[in-house]
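Fold and geometry: a report
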Amino acid sequence: MDPPSMWRATTVQACGLWPFAAGSGAPMTGVPLGQHLHTGATVCGDPISWFTRARYISNPSLFMLGMPGLGKSTLVNRMLIGMTATGVVPLVLGDLKPDYADTVRALGGQVISIGRGVGGINVLDPGAMGEAAERIGGEAGRVLLAEAHGRVLNMVAALITIMRGRPMDDHEQSVLSACLHHLRERSTPGRPPLLPDLLRVLDEGPDRVRAVTLDRGDQQRYQKAVDPLHRSLIGVLDGPLGDTFASETSTRINPNAPAVCVDISRIGEADTQLTAAAMLAAWSDGLGTVAAAHALADAGLAPQRWFFTVLDELWRPLRAASGIVERIDALTRLNRSLGLGDAKITHTLKDAEALGNEADRAKARGFVERAGMVVCAGLPRTEMEELGKVIGMSQREIDLVSSWSSPPGWANPEASSEPPGRGRFLIKVGGRPGIPIKVAITETERNLHNTNTRWAGKDLPQPRSGEHR
């Protein structure tokens, strides 16, 4: 049967045409996302609106899974545009393709490029947190400075973890913390120390650092305690990460920008260590900026602002080294108390299962379990059944999302138009029934966001004479 024509109108007009209209039950709070696949009703939503206004979720976070090319980043771009209009500040901390840089530019935001010969991040720079601590002063400033120290320590430990392929030892983190305290007390105001300065402190062995190593005045004991850490730091400086993290930060994040994107698309896809390190450094710097903004607001020195971070292609840093999951977990676990929403995007749950040990796999699965919203694009049936064990999905929902990952038949005349699941998503919140939606993008969004730009604007190769098309 031909489907009937659908008309839209306001409640003032529609009640006169059809007085027995009833609401469809689709949520209407937040960014307009698309139409309900079954009822045609408009579906609105985003993690921050559903947490603060609608109270649908207890954690302002989103976890999105789906096969490549089905529109995951398109939906997130839609959320960014809508949330910016309400005053929320999007932070895309590590744009790999890039998928979000043009959108951030169109919103009047700041785009920072990171990569060899393009720009770098000084991981010892407390950044916005250090500046805010100086402005605030007193006990609140001291607390913020201590938090900045912890973030710097966490970031340097992450770089060493990436280089070694395993986590640091506990006593090494204590030595590293003592070195950072020593550097901070002796650094010139306005000139944060660099990684080479950290190596110099290990060479000199000040009393504060020696006390942590338990050398008891024995130089050989001291060298034995710090040599592995010393070698790892030399490996960071002289290895694939040195050019990007050994010098001053090229461009600091502007805490007053309406949106921020850290573009790391210049880093080659095969360069897994530098990609993971750049993403972690961008996340640490960005989340430090959020903490600084909230501290200034609490002190009455700046207006209160909400932030929304996007952590795309999550599988790439997860696979870089054992222990990276713990670092990501430490950076993002407290988003609710920080006035921060986040979206984590990956392809499948198997990205977590490919991690090296069970502890890391459990932490990665926790990202999905803690998420307020879980959004699924097309996924294979086996993947959906595994996901159903984590978030609870009916067989009908599993069948629906699985059908979006199946290609159309060879004889389908429309098979060349687009994949069958593109723009279709299932939104799951707790044990509630899922909301299936279809996203139709505007021409403006289409111009801003095209992940197939390398294939656009060129004629396809033509067959030579005598070849079949």
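Above this text sits the structure in question.
Here we summarise the structure given alongside this text. (Residues numbered from 1 in each chain as written. Predicted model: local features only at pLDDT ≥ 70, side-chain atom pairs only at ≥ 80, totals over all residues. Heavy atoms only, no water.)

The next subject is the pairing of strand β7 (residues 307–311). Successive side chains on a regular strand alternate, one facing one side of the sheet and the next facing the other. For β7, a buried count of five out of five residues is recorded, marking the element as mostly surrounded by other parts of the structure. Neither face of β7 is exposed, since F307, T309 and L311 on one face and F308 and V310 on the opposite face are all buried. In terms of strand pairing, strand β4 (residues 89–95) meets β7 through four bridges, oriented parallel. When the bridges of β7 are listed, L91 appears paired with T309. Sheet topology places β7 next to strand β8 (residues 340–346); five bridges connect them, and they run parallel. Bridged to T309 within β8 is D342. (Buried < 20%, exposed > 50% of the residue type's maximum accessible area, 1.4 Å probe, protein only. Helix = DSSP H or I, 4+ residues; strand = E, 2+ residues; numbered from the N terminus. Pairing = 2+ DSSP bridges.)

Below, the discussion takes up the packing of aromatic side chains. Tallying each qualifying case throughout the model produces one aromatic pair. The interplanar angle of 85 degrees and the centroid separation of 5.3 Å between the aromatic rings of W50 and Y56 together place this pair among those described as edge-to-face. Over the ring of F367 we find K344, and its NZ or CZ is 5.4 Å from the ring centre. (Phe/Tyr/Trp six-rings, centres within 6.5 Å; stacked < 30°, edge-to-face > 60°. Lys NZ or Arg CZ within 6 Å of the ring centre and 35° of its normal.)

Before going further, it helps to examine the nonpolar core. Counting residues in hydrophobic clusters, the biggest one holds 81 residues, and the most contacted among them are V123, L124, V156, L198, F245 and L387. A total of twelve residues in this core trace back to one element, the largest contributor, which is helix α12 (residues 272–298). Once you skip the residues sitting within four places of it in the chain, L124 turns out to touch V152, V156, L180, L183, P193, L194, L195 and L198. If you look at the next biggest cluster of nonpolar residues, it comprises 37 residues, including A41, M64, M83 and Y100. (Core = buried A, V, L, I, M, F, W, Y, C linked by side-chain atoms within 4.5 Å. Contact = heavy atoms within 4.5 Å.)

We now examine the sheet that holds strand β5 (residues 110–113). Spatially, eleven strands are ordered β2-β1-β11-β10-β9-β3-β8-β7-β4-β6-β5 in an open sheet, and the strand pairing comes out mixed. A single partner strand is all that each edge strand has here, and the edge strands are β2 (42–44) and β5. The average undirected angle you get between the axes of adjacent strands in this sheet is 25 degrees. Where helix α18 (residues 395–404) meets the sheet, it contacts β9 (373–376), β10 (424–428) and β11 (435–438), and its direction lies at approximately 150 degrees from that of β10. (Axes fitted to C-alpha atoms, helices over the stretch in contact; angles between N-to-C directions.)

Among the secondary structure elements, D263 is positioned in strand β6 (residues 260–263). It turns out D263 is buried and unbridged, and the closest side chain with the opposite charge, R105, is 5.0 Å from it. Setting aside its immediate chain neighbours within four residues, D263 contacts D95, P98, V111, I112, S113 and I114. (Lys, Arg positive; Asp, Glu negative; His and termini not counted. Salt bridge = Lys/Arg side-chain N within 4 Å of Asp/Glu carboxyl O.)

With that settled, the discussion passes to the environment of T29. Relative to the elements of secondary structure, T29 occurs in the loop between α1 (11–17) and β1 (32–36). Residues T29 and R55, 26 residues apart in the sequence, show an inter-C-alpha distance of 10.0 Å. Those residues in contact with T29, other than ones at most four positions away along the chain, are C44, G45, S49, W50, R53 and A54.

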